[in-house]
There are 2 protein chains.
Amino acid sequence: MKNWLDYIVFLSWDMKTLISSNAMQAKLREHIEKIVSLTDDEFTFVLSHFSFRKVKKHQFLIQEGDLVNYSYYVVSGLLKLSHTDANDKEHILHFAMEDWWVSDYKAYFSRTKATLSLDCLEEAGVFCLSLADSEKLFAGLPKMEHFFLKKSHFGYIASQQRVLSLLTTSAKERYEQFLMQYPSLMQRVNKSLIASYLGVSRETLSRLSS
Amino acid sequence: MKNWLDYIVFLSWDMKTLISSNAMQAKLREHIEKIVSLTDDEFTFVLSHFSFRKVKKHQFLIQEGDLVNYSYYVVSGLLKLSHTDANDKEHILHFAMEDWWVSDYKAYFSRTKATLSLDCLEEAGVFCLSLADSEKLFAGLPKMEHFFLKKSHFGYIASQQRVLSLLTTSAKERYEQFLMQYPSLMQRVNKSLIASYLGVSRETLSRLSS
DNA sequence: TTCTTAATGTGACATACATCACACCGAAAT
DNA sequence: ATTTCGGTGTGATGTATGTCACATTAAGAA
């Protein structure tokens with residue numbers, strides 16, 4: 001017996017987007033309501049400030065040097081936020097999966113050019129929020145500012161933990177931490193990328209895991 | 001011709017605290033007004049949620065294992081936020097000087113035990129804000145939530161930059177970056193601490209600077 | 001299928017950095 | 001003045017990790 005969702009494959013692209021977009025909206029709402037509760041009207045208002053977008057593998061949402069127009073909420077799929085240094089080596093700040101907010105926030109808030117790039121590892125669905133729309137959103141519904149304050153706190157704390165981990169632990173320990181923290185990612189992304197995230201060469205990572 | 005401030009030395013401790021505390025309040029207000037403007041009444045309201053405190057060298061504001069009751073705004077002096085690992089090695093997350101907000105935010109927001117410690121390197125003046133008072137403050141004056149949202153964004157961005165710097169650069173480059181970013185700290189704090197901040201041994205740091 | 005390219009493992013060697021040991025100096029304590 | 005001790009520099013040596021090279025396999029493209 002087949003799941004009815006399988007049949008969506010046969011529908012037109014627009015139809016697919018419409019249907020899946022409803023499921024996506026439910027996810028966004030659920031995500032927000034973990035922190036602030038919303039009436040239906042309020043959620044409709046919130047939603048009107050976002051646009052939804054599908055991203056294909058290898059597509060860039062942000063490229064270094066561009067202006068950064070959006071902050072992204074990832075509903076599904078997988079992206080990576082990274083920086084490429086002068087020697088063309090890529091360093092990964094973090095992966096972004098379901099339920100993550102991601103952008104080059106430095107460039108986003110200061111309306112300057114990106115120093116990071118954000119691209120897609122697995123076909124993804126994201127909600128996009130521009131800085132101007134976020135301001136309108138806060139003006140019309142102040143509790144959303146509270147929501148983002150909490151989110152920002154978590155982000156800050158997570159980033160600080162990462163600093164600490166880079167300061168205190170060896171490559172091997174970081175690798176083990178990573179396994180614990182993101183077991184699924186070991187399968188989903190290639191080892192070179194994980195090495196770039198951990199701050200070691202891919203050869204070293206290979207030796208660590210064997 | 002002497003500055004009138006010199007004479008404060010002869011006043012009683014209480015009197016000194018009172019007078020300096022007025023100057024401190026002005027600093028706090030100026031700091032906040034860089035982001036949101038306040039009427040006199042509003043500032044009085046804000047201030048009523050803070051307590052002011054002097055901290056002496058070697059005094060701890062947070063010790064690992066304790067509950068974290070406050071977030072601190074540093075008016076003057078110098079503190080360090082650090083973590084001591086299993087091998088008794090200290091790692092410095094950051095120094096905190098004039099105009100910085102600092103705490104073990106993970107423990108503060110989740111009301112759990114501190115994994116970081118915050119102690120004083122140079123006699124300091126700090127404003128203390130408890131989590132409960134911050135909530136009251138936001139309830140009474142929502143624009144303060146906006147203020148802290150901006151602050152949190154900056155903190156997050158700065159922390160991300162630090163991650164990037166640890167991922168991309170060598171000890172020598174980090175040392176040079178540090179010189180650029182905090183020239184005054186090279187004089188103010190001993191080299192071992194700077195080494196702990198940069199994530200290298202004090203011997204290596206010594207060799208880098210010669 | 002066959003060809004081409006990407007991902008991964010592994011050896012040999014180079015190097016940045018840690019660790020241990022000790023010397024020197026200047027500031028505080030006695 | 002003498003002693004003690006924290007801060008700093010520096011040599012000798014060890015080690016984790018990077019780099020380069022090449023082989024193997026898996027995955028896409030034609």
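All of these numbers come straight from a predicted model, not from anything done at the bench.

Q: What's the story with the protein's contact with DNA strand D in this structure? I'm lost.
A: Around DNA strand D sit 18 residues, and of these A:Ala171, A:Thr204, B:Lys191, B:Arg202 and B:Arg207 come closest. Of all DNA strand D atoms lying within 4 Å of any protein atom, the proportion belonging to sugar or phosphate reaches 48%. At 3.0 Å, a side-chain N or O of A:Arg207 approaches a base oxygen of DNA strand D. Mapped onto the surface near DNA strand D, the elements with two or more residues apiece are helix 9 (202-209) of chain A together with helix 8 (191-198) and helix 9 (202-209) of chain B.

Q: Explain unusual backbone geometry here, please?
A: Peptide bonds are, in most cases, trans, and in most cases residues other than glycine have a negative phi. One non-glycine residue, A:Asp99, lies in positive phi territory at about 85°. Here A:Asp99 is to be found in the loop between strand 4 (90-97) and strand 5 (101-102). Even without being glycine, B:His58 reaches a positive phi, approximately 75°. Tracing the backbone shows B:His58 in the loop between strand 1 (50-55) and strand 2 (60-62). The exposed category is assigned to B:His58, whose relative accessible area is 60%.

Q: Whenever I open this one, the pairing of strand 6 (residues 117-130) of chain B confuses me. Can you help?
A: Sheet faces and side chains relate simply in a regular strand, where the side chains alternate between the two faces. Residues and elements named next belong to chain B. Most of strand 6 sits out of view: twelve of its 14 residues are buried. With two bridges joining them, strand 2 and strand 6 adopt antiparallel strand pairing. Counterpart to Phe60 in the pairing with strand 6 is Asp119. Looking at chain direction, strand 3 (residues 70-84) and strand 6 are connected through eleven bridges and run antiparallel. Each residue of the ladder has a partner; that of Leu79, found in strand 6, is Cys120.

Q: How should the confidence of the model for chain A be read in this particular structure?
A: When pLDDT is low, close inspection of the predicted coordinates is not appropriate. For chain A, mean pLDDT is 91; residues scoring 70 or higher make up 90% of the total. A low-confidence stretch, residues 1-16 of chain A stays under pLDDT 50, and its non-local contacts, those more than four residues away or across chains, total seven contacts.

Q: What's the story with the side chain of A:His31 in this structure? I'm lost.
A: Residue and element names in this part refer to chain A. For His31, the location among the structural elements is in helix 1 (residues 13-33). The exposure class of His31 is buried, given its relative accessible area of 4%. Once residues lying within four places of it in the same chain are set aside, the contact partners of His31 are Tyr73, Asp99, Trp101, Phe147 and Lys151.

Q: What exactly am I supposed to notice about the relation of the copies chain B and chain A here?
A: Copy one and copy two of the chain differ by a rotation about a common axis and a shift along it. Rotating chain B by 180° and translating it 0.0 Å along the rotation axis places it on chain A, where the RMSD comes to 0.0 Å. Taken together, the rotation and translation describe the operation of a two-fold axis. Of every C-alpha in chain B, the one belonging to B:Tyr156 sits nearest the axis of rotation, 2.2 Å from it. A share of 100% of interface residues in chain B that are also interface residues in chain A marks the association as one of identical surfaces.

Q: Would you explain the packing of aromatic side chains in this entry?
A: A ring pair, where both rings are aromatic, is described by two values, the distance of the centres and the angle of the planes. Residue and element names in this part refer to chain A. Inspection of every chain in the model, using the stated rule, returns 34 aromatic pairs over all chains. Relative to Tyr72, the ring of Tyr70 lies with its centre 6.1 Å away and its plane at 50°, an arrangement referred to as tilted. For Tyr70, a relative accessible area of 31% translates into the label partly exposed. Tyr72 gets classed as buried once you look at its relative accessible area, which sits at 3%. Connected via pairs of aromatic rings, a cluster forms that spans Phe50, Phe52, Tyr73, Trp101, Phe127, Phe138, Phe147 and Phe148.

Q: What exactly am I supposed to notice about the interface of chain B and chain A here?
A: The interface of chain B with chain A comprises 33 residues on the first partner and 33 residues on the second. With both sides pooled, the region where chain B packs onto chain A buries about 3100 Å², and carbon together with sulfur makes up 72% of that total. If you sort the residues of chain B by the area they bury against chain A, B:Leu149, B:Tyr156 and B:Leu167 come out on top, with a joint share of 20%. Inspection of the region where chain B meets chain A yields zero salt bridges.

Q: Looking at this structure, I do not really get the pattern of salt bridges. What am I missing?
A: It is possible for side chains of opposite charge to pair when their charged atoms get near one another. In this structure the tally under the stated criterion is 20 salt bridges over all chains. With a shortest N-O distance of 2.9 Å, A:Asp40 and A:Arg29 are connected by a salt bridge. Within this pair, whereas A:Asp40 is found in helix 2 (residues 40-47), its partner A:Arg29 is found in helix 1, the two being separated by eleven residues in sequence. Between B:Lys34 and B:Asp99 there is a salt bridge, and its shortest N-O distance comes to 3.5 Å. Taken together, the positions of B:Lys34 in the loop between helix 1 (13-33) and helix 2 (40-47) and B:Asp99 in the loop between strand 4 (90-97) and strand 5 (101-102) put the pair 65 residues apart, joining distant regions of the chain. Judged by relative accessible area, B:Asp99 falls into the partly exposed class, the value being 31%.

Each value, and the rule that gives it
- Residue indices follow the written sequence of each chain, beginning from 1 at its first position.
- Going through the entries in the order they are written, you letter the chains from A and number the ligands from 1.
- Local features in a predicted model are, by the rule used here, given only for residues with pLDDT of at least 70; side-chain atom pairs are given and counted only at 80 or more, and totals for whole chains, interfaces and linings are based on all residues.
- Note: side-chain values were computed over all heavy atoms of the structure, leaving out hydrogens and water.
- When at least one non-hydrogen atom of a residue lies within 4 Å of a molecule or strand, that residue is treated as near it.
- A 3.5 Å cut-off defines polar contacts: any pair of N or O atoms within that distance qualifies, except that in protein one atom must be a possible hydrogen donor and the other a possible acceptor, and neighbouring residues in sequence count only when both atoms are side-chain atoms.
- Counting from the N terminus, the helices are the DSSP runs of H or I reaching at least four residues and the strands are the DSSP runs of E reaching at least two.
- When accessible area is computed with a 1.4 Å probe and restricted to protein chains, residues below 20% of their type maximum are described as buried, those above 50% as exposed, and intermediate ones as partly exposed.
- What makes two strands pair is DSSP finding at least two bridges between them.
- For every residue, the pLDDT score states the predictor's confidence, bounded by 0 at the bottom and 100 at the top.
- Contacts are assigned to residue pairs that have any heavy atoms within 4.5 Å of one another.
- Copy-to-copy alignment: least squares on C-alpha atoms, limited to residues at pLDDT 70 or above in both.
- Only rings of Phe, Tyr and Trp enter the pairing, Trp through its six-membered ring, and a pair is recorded when the two centres are within 6.5 Å. The plane angle decides the type: under 30 degrees is stacked, over 60 is edge-to-face, the rest tilted.
- The term buried area denotes the loss of accessible surface (1.4 Å probe radius) that occurs when two parts are joined, taken as the sum for both partners.
- Any carboxyl oxygen of Asp or Glu that lies within 4 Å of a side-chain nitrogen of Lys or Arg is treated as forming a salt bridge with it.

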